[in-house]
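Listed here are the chains, written in short residue letters.
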Amino acid sequence: MGLTDCSHEELISRLVDSIKEISGFSSSKGFIGKIQGDLVRRITLLSPFFEELIDVGLKGEQIPGFEVMRIALDSSLELFRSVNGGSKLFQIFHRDSVVQKFHHVTVEIEAALSQIPYDTVEVSEEVREQVQLLRFQFKRAKENREEDYDMQLSDDLAIAENVMDPDTNILKRLSQELQLSTIDELKKESHAIHKYFLSYDGDPDDCFERMSSLLKQLVDCATMESSEPDTSAGNKIVSRHRSPVIPEYFRCPISLELMKDPVIVSTGQTYERSSIQKWLDAGHKTCPKSQETLLHSGLTPNYVLKSLIALWCESNGIDLPQNQAIYRTTKPGGSGSSDCDRAFVRSLLDKLDNGATEQQRAAAGELRLLAKRNADNRVCIAEAGAIPRLVELLSSPDPRTQEHSVTALLNLSINECNKGAIVDAGAITDIVEVLKNGSMEARENAAATLFSLSVIDENKVAIGAAGAIQALISLLEEGTRRGKKDAATAIFNLCIYQGNKSRAVKGGIVNPLTRLLKDAGGGMVDEALAILAILSTNQEGKTAIAEAESIPVLVEIIRTGSPRNRENAAAILWYLCIGNMERLNVAREVGADVALKELTENGTDRAKRKAGSLLELIQQIEGVAASTVE
């Protein structure tokens, strides 16, 4: 039996209302804007079809197809609301999953369109043709799935995450792309991250830390922007005569006052430092808001929220909270800008020495964050004696403690003096062990730590001798994109030392690098070429590169690559072919002469020299071949 006439009308009305709401998401920008915009545009074009059906109604046998469409549009709405209302940083860190959801909705709508009996539906021919065209577009979108990531966005994100003090222009681009440029946008994002943290079912530490760290950088960038002279001062003058309502999440849950020095307790809740300290001094062992037992009494500065409060105060004409320096320490001769609480650091070290597993994990995590914050903290933590303790925890059976420890050492190693202290503490062997057997995050950060330590030449020898090269090659093959880049950067730096070139070649690095060269969409061509270029100066390296049948790939890169990659490819080809007629013939047979001629005209100076030298060799071969024929 079919639905009643009233139910038919309600179904069509619901479809029309869903499309109207979906059309409101068409102006979305940011990294997902194009994918969302295309889907919204296609769905919105269904509106005339459903609006005509309001007048003509549906027959019983036509209902099932439209019910499937209703379910598909409900899924679309749920996705659009989620994407546009949740944390933007969470989405960018999980963009594979977000793109997959958009593809799933596209598949759902295409399936629904295929179940509608168009021949029996009484609509105008023009509308019928439009729906048929849309059905074809959805089918094509389903089959021609695009992983259309903005490579600029991916590169900027990688730099912001992995480079200390990234260029301001990079942070500005990220702010604009993610629509996190204004104080309101940053406040909403901070609140969204907080909600995510509280609702996450599992251990959100890694993603939460990455989101918080990047948000802090974007807030700092916005703070610098807002500190520049503002020509529209009229708005600020007006704002000083208002009494703005303090956002709930800027108030301390204990005092209900605007927080001056927000700190995070072990449950993840944030309080005003003085208020929560009084609570702890009174002997309480629980979190006032959640009533959960505190794993430890350490208080971690909430830098992101502190910066957001400062921004909010500035934009509302409120004097910034005072006495924020009361918990800071100034080293003799130092800048006085450190947030490092020496007593707090000592309490963390005590937990590393004597705490249970959970306390060691939390303390190592706190040190990791503090060391990432600024240069003074890195000095303060090292002077307190943290490095030997963190090195010892690299052998911890707890994966998270191991991750926190190796990452804390990575952050500490940014300081040149700390590099020596880390090596003197016997860390290299333990870091290599983490690189071999740790979790993926720990392996990635171990690779980055080895790169940081290898800046000092004598460390290149020690790291290579400890077996790091083979472990780095494994990460290059198995890691995430970030892991592969960390591994490649470390390998490149280590191979500046001649002995490590042989280790890399014997370890089988050439075949993985050649595969990366062939995978243009993998984002590792630059790194693979740079390593091959340095290996091609080694006799074993030249032989291995040639045996990997890399010459056709190198010629193709000379033909179509970026200026830097064309230069490296030409240099590698030059090293392979100089004094080897067989390889030179292979290059000539795959069209190297044409590509090299173009490079002599449009390449970099170094590329022009290598290309010109190779062309002379090829012309000599051709001259010999011509005289032989005569």
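Residues numbered from 1 in each chain as written. Predicted model: local features only at pLDDT ≥ 70, side-chain atom pairs only at ≥ 80, totals over all residues. Heavy atoms only, no water.

### Concerning the nonpolar core
Move 1: In this structure, Leu-472, Leu-476, Ile-509, Leu-513, Leu-517 and Leu-535 are the most contacted members of the largest nonpolar core, which totals 94 residues.
Move 2: The greatest single-element share of this core, amounting to eight residues, is contributed by helix H28 (residues 525-535).
Move 3: Excluding residues that lie within four positions of it along the chain, Leu-472 makes contacts with Leu-435, Ala-447, Ala-487, Ala-490, Ile-491 and Leu-494.
Move 4: Formed by 40 residues, the second largest nonpolar core is a distinct cluster that contains Val-40, Phe-50, Leu-58 and Ile-116. (Core = buried A, V, L, I, M, F, W, Y, C linked by side-chain atoms within 4.5 Å. Buried < 20%, exposed > 50% of the residue type's maximum accessible area, 1.4 Å probe, protein only. Helix = DSSP H or I, 4+ residues; strand = E, 2+ residues; numbered from the N terminus. Contact = heavy atoms within 4.5 Å.)

### Quick word on the pattern of salt bridges
Move 1: Applying the stated criterion across every chain yields a total of 22 salt bridges.
Move 2: Of the charged contacts, one joins Arg-342 and Glu-383 as a salt bridge, the two residues approaching to 3.8 Å between their closest N and O atoms. In this pair, Arg-342 is assigned in helix H15 (residues 342-354) and Glu-383 in helix H17 (residues 375-383), connecting sequence segments 41 residues apart.
Move 3: On the basis of relative accessible area, Arg-342 is assigned to the partly exposed category, the value being 25%.
Move 4: Judged by relative accessible area, which is 55%, Glu-383 ranks as exposed.
Move 5: Across the pair Asp-353 and Arg-389 runs a salt bridge whose closest N-O atoms are separated by 2.9 Å. Separated by 36 residues along the polypeptide, Asp-353 in helix H15 and Arg-389 in helix H18 (residues 386-393) bring together distant segments of the chain.
Move 6: When salt bridges with common partners are traced through the structure, they connect Arg-14, Glu-67, Arg-70 and Asp-74 into a single cluster. (Salt bridge = Lys/Arg side-chain N within 4 Å of Asp/Glu carboxyl O.)

### Regarding the sheet that holds strand E1 (residues 262-264)
Move 1: Spatially, the three strands line up as an open sheet ordered E2-E1-E3, and their pairing is antiparallel. Two strands lie at the open edges of the sheet, namely strand E2 (270-272) and strand E3 (300-301), each paired on one side alone.
Move 2: Bridge analysis of E1 against E3 gives two bridges, and the strand direction is antiparallel. Across the sheet, residue Ile-264 finds its bridge partner in E3, namely Thr-300. (Pairing = 2+ DSSP bridges.)

### Observations regarding the packing of aromatic side chains
Move 1: Evaluation of the coordinates by the stated rule reveals five aromatic pairs.
Move 2: Ring centres of Phe-50 and Phe-66 lie 6.2 Å apart, and the angle between their planes is 70°; this geometry places the pair in the edge-to-face category. Note that Phe-50 is positioned in helix H3 (residues 47-56) and Phe-66 in helix H4 (residues 63-85), a separation of 16 residues in sequence.
Move 3: Phe-66 sits in the buried class, given a relative accessible area of 0%.
Move 4: Measuring from centroid to centroid gives 6.1 Å for Phe-80 and Phe-102, while their planes differ by 50°, and the two rings are tilted. Pair noted here: Phe-80 is in helix H4 and Phe-102 is in helix H6 (residues 95-114), with a separation of 22 residues, a long-range link. Note on accessibility: Phe-80 and Phe-102 belong to one class, buried. (Phe/Tyr/Trp six-rings, centres within 6.5 Å; stacked < 30°, edge-to-face > 60°.)

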